[in-house]
Every structure is written in structure tokens, then in C-alpha cells.
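Understanding the architecture of this molecule
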Amino acid sequence: MKELRKFLRIQALRCHPIYCQNGTRLNVIPVLASRSQALRYLYVRWGFELSKMVVFVGECGDTDYEGLLGGLHKSVILKGVGSSAINQLHNNRSYPLSDVIPLDSPNIVEAAEGSSGAYIQALIEKVGYLTG
């Protein structure tokens, strides 16, 4: 991991590589970037197809919530996740979220609170990411 961090810094890529899923996957998270900026970086720098990405967001509590729901990528809204922060964070919003984000978009689906993994997988299939 130290060698990878060193290589990324030599390439002028300021990011944190993190192993996940018992070392079978590698996540690379940019330093000082929001999640929407990270998606843009992957597109601009490395040519990742955003239409083939799925972003999971909580119902509220994310400071970059609006930036994550619009766009080419698929979004799954997890109801009940972060809902305790709704009064603290989004009270200052003087406009309804539906004015900013097209919630009827075919790229956005909502998972009910306490949804099973199979149900979330079915939602991902519904937005056209997984096949059978």
C-alpha cells in the first residue's frame, strides 16, 4: 500500500487508496473533494463512463446531496439513512428539493427504509445497471 501511495503522489494524484471487501477491491478517494467532484475527476482524468456508475446516497444528511442526484450516473436513495440530520442540515433550504433535482428521472430510484439486499439489487437492475 505504501508503494501505491508513493506512486500516486509521484503522479501528482492527491488521493487515499483504501482496500475494502477483504482486500478484493481498491477504492481511491481524492483528498479534499466532495463525492460529486470525485465523479467528475474520474470522468475528466480517466475517461470513466458515468452512465455505468451507481451512487448510493442517504435520504438526507449529505452536504453534496443535490450534486449527487443529477447527471448521467444511476442514483439509489436509501430512505432512513441519515434522516436524523434532516433538521440540522437542510433547515436553511428555502426551496423544495424537487425544484433542483428531477426525482422522476429514470436514473434515480428510492429504496424504502430497511430494504433487503435483494430489493436494492432489483432497484439497480431497474435503472439498467445489472442484468439478471
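Residues numbered from 1 in each chain as written. Predicted model: local features only at pLDDT ≥ 70, side-chain atom pairs only at ≥ 80, totals over all residues. Heavy atoms only, no water.

Some details on the pattern of salt bridges
Taken as a whole and judged by the stated rule, the model has one salt bridge. Close ionic contact of K52 with E49 constitutes a salt bridge, the shortest N to O distance being 3.8 Å. (Salt bridge = Lys/Arg side-chain N within 4 Å of Asp/Glu carboxyl O.)

Brief notes about the sheet that holds strand β5 (residues 108–111)
In space, the three strands of this open sheet follow the order β3-β4-β5, with parallel pairing throughout. Unpaired on one side and paired on the other, β3 (54–58) and β5 mark the two borders of the sheet. On average, adjacent strands in this sheet sit at an angle of 25° to one another, irrespective of strand direction. Relative to strand β4 (residues 74–78), β3 is paired through five bridges, and the arrangement is parallel. Bridge pairing links V54 to K74 in β4. (Pairing = 2+ DSSP bridges. Helix = DSSP H or I, 4+ residues; strand = E, 2+ residues; numbered from the N terminus. Axes fitted to C-alpha atoms, helices over the stretch in contact; angles between N-to-C directions.)

Some details on the confidence of the model for the chain
With 73% of its residues at a pLDDT of 70 or more, the chain has an overall mean of 75. No element of the chain has a lower mean pLDDT than helix α4 (residues 86–89), at 50, and none a higher one than helix α5 (residues 117–126), at 86. (pLDDT = per-residue confidence, 0-100.)

Some points on the nonpolar core
Counting nine residues, the largest nonpolar core is built from L39, L50, M53, V55, V57, L68, L69, I77 and I108. Only β3 and α3 (65–69) provide two or more residues apiece to this core. (Core = buried A, V, L, I, M, F, W, Y, C linked by side-chain atoms within 4.5 Å. Buried < 20%, exposed > 50% of the residue type's maximum accessible area, 1.4 Å probe, protein only.)

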